[in-house]
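An overview of the molecular structure
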Amino acid sequence: MLVLPPYEERELLCRIAEGDEAAFGLLFNAYHQRLGAFVYRLTESFQATEEIVQDVFVKIWLKRATLGEVASFDAYLFAAARNHAFNYLRALARERSRLASLPPEEAPALAGPPDDATEERHALLDQAIAHLPHQQKNVYLLHRRQGLSHAEIAEQLHLSVETVKKHMSLALRSIRDYLSVGRLTG
């Protein structure tokens, strides 16, 4: 990872403000890995991290004329990335909430016809579910595929609501981990 001394960074920012693409490339190389690690800690998604880091650097290039006025580029860059990541997470939460409020029969219609990538994601999700311990798998499928509430699942499986919540939380974490590894190796 390249670390720039303050005087070199200031010179780079001035060159970028004047439209120097090579200087921008140097700045990008100096920061993109650190910024990616920072954004990943917020989003826990490789895909979202790539998108956010790219968007942040595109915005910096588009607003390059103002870079000469930035006192601390490090703080400026990480604040921009943090804000972009929070906006992404808020939008994701709104979308999940909206989809969760739909009856199960309506949710697939929003996605449109499946493509190869969608089929691959569904297959990977099915594999992740298959690897869950028996009770976590039951809880997950009753909640996500049959639309039962935690209380209904607890009653049906003779468990406490807290135990159902714990199984659901563990199942979601296992699925997320499995999908992350699948994306990395697949």
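Let me sum up the structure you'll find in this document. The shown structure was predicted, so the numbers you read here are calculated from the model rather than taken from an experiment.

1. A look at the overall build of the chain
Looking only at helices and strands, the chain features nine helices and zero strands. Walking the chain from its N terminus toward its C terminus, one meets helices and strands in the order α-α-α-α-α-α-α-α-α. Out of the 186 residues in the chain, the part that is buried amounts to 27%. Put simply, 59% of the contacts in the chain that link residues at least 6 apart link residues at least 24 apart. Entry remark: accessible area of the chain is about 12,100 Å², with carbon and sulfur atoms responsible for 56%.

2. Digging into the nonpolar core
Counting 25 residues, the largest nonpolar core has Tyr31, Leu35, Phe73 and Leu77 as its most contacted members. For this core, the secondary structure elements donating two or more residues are helix H1 (6–17), helix H2 (21–43), helix H3 (46–62) and helix H4 (73–101). It is H2 that provides the largest number of residues to this core, a total of eight residues. Apart from the residues lying within four places of it in its own chain, the contact partners of Leu35 are Val53, Val56, Phe57, Leu77, Phe78 and Ala81. One finds Ile129, Ala154, Val164 and Ala171 within the second-largest nonpolar core, a separate group that totals 13 residues.

3. Things to note about H3
The end-to-end C-alpha distance of H3, which contains 17 residues, comes to 24 Å, matching closely the 24 Å that a straight helix rising 1.5 Å per residue would cover. Taken as a whole, H3 has its buried residues at Ala48, Thr49, Ile52, Val53, Val56, Phe57, Ile60 and Trp61. Regarding H3, its N-cap is Ser45, as a side-chain oxygen of that residue lies 3.1 Å from the backbone nitrogen of Ala48 further along.

4. A closer look at the environment of Ser174
Turning to its location among the elements, Ser174 is positioned in helix H9 (residues 161–185). For Ser174, the residues in contact, after removing those within four places along its chain, are Leu132 and Gln136.

5. Notes on the side chain of His84
Looking at the element boundaries, His84 is found in helix H4. Of note is the side chain of His84, whose polar atom sits 3.1 Å from the side chain of Asp55. Excluding its chain neighbours within four sequence positions, the residues that come into contact with His84 are Ile52, Asp55, Val56 and Lys59.

6. Let's talk about the packing of aromatic side chains
Under the definition given, this model contains seven aromatic pairs. Between Phe28 and Phe57, the ring centres sit 4.8 Å apart and the planes meet at 70°, which makes this aromatic pair edge-to-face. Here Phe28 is found in helix H2, whereas its partner Phe57 is found in helix H3, with 29 residues between them in sequence. Accessibility expressed as a relative area gives 29% for Phe28, which makes it partly exposed.

7. Things to note about the side chain of Thr43
Relative to the helices and strands, Thr43 resides in helix H2. With relative accessibility at 10%, the residue Thr43 sits in the buried group. In terms of polar contacts, Thr43 uses its side chain to reach the side chain of Thr49, at 3.2 Å. Setting aside its immediate chain neighbours within four residues, Thr43 contacts Ala48, Thr49, Ile52, Ala85, Tyr88 and Leu89.

8. Some remarks on the pattern of salt bridges
With the rule as written, the count across this model stands at four salt bridges. When the shortest N-O distance is used, the salt bridge between Arg34 and Asp74 registers 2.6 Å. On the criterion of sequence distance, the pair formed by Arg34 in helix H2 and Asp74 in helix H4 is long-range, its members being 40 residues apart. Classification of Arg34 by relative accessible area gives partly exposed; the value is 33%. Given a relative accessible area of 30%, Asp74 falls into the partly exposed group. Two residues, Glu162 and Lys165, come together in a salt bridge whose shortest N-O distance is 3.7 Å. Taken as a pair, Glu162 and Lys165 lie in helix H9 at a separation of three residues, close to a single helical turn. Taking relative accessible area as the criterion, Glu162 reaches 54% and is therefore assigned exposed.

Conventions used here
- Residues numbered from 1 in each chain as written.
- Predicted model: local features only at pLDDT ≥ 70, side-chain atom pairs only at ≥ 80, totals over all residues.
- Heavy atoms only, no water.
- Helix = DSSP H or I, 4+ residues; strand = E, 2+ residues; numbered from the N terminus.
- Buried < 20%, exposed > 50% of the residue type's maximum accessible area, 1.4 Å probe, protein only.
- Contact = heavy atoms within 4.5 Å.
- Areas by Shrake-Rupley, 256 points an atom, 1.4 Å probe, with all protein chains shown as cover.
- Core = buried A, V, L, I, M, F, W, Y, C linked by side-chain atoms within 4.5 Å.
- Expected span 1.5 Å × (residues − 1).
- Polar contact = N/O pair within 3.5 Å; in protein donor to acceptor, adjacent residues only side chain to side chain.
- Phe/Tyr/Trp six-rings, centres within 6.5 Å; stacked < 30°, edge-to-face > 60°.
- Salt bridge = Lys/Arg side-chain N within 4 Å of Asp/Glu carboxyl O.

Honestly, it's all geometry; don't read function into it.
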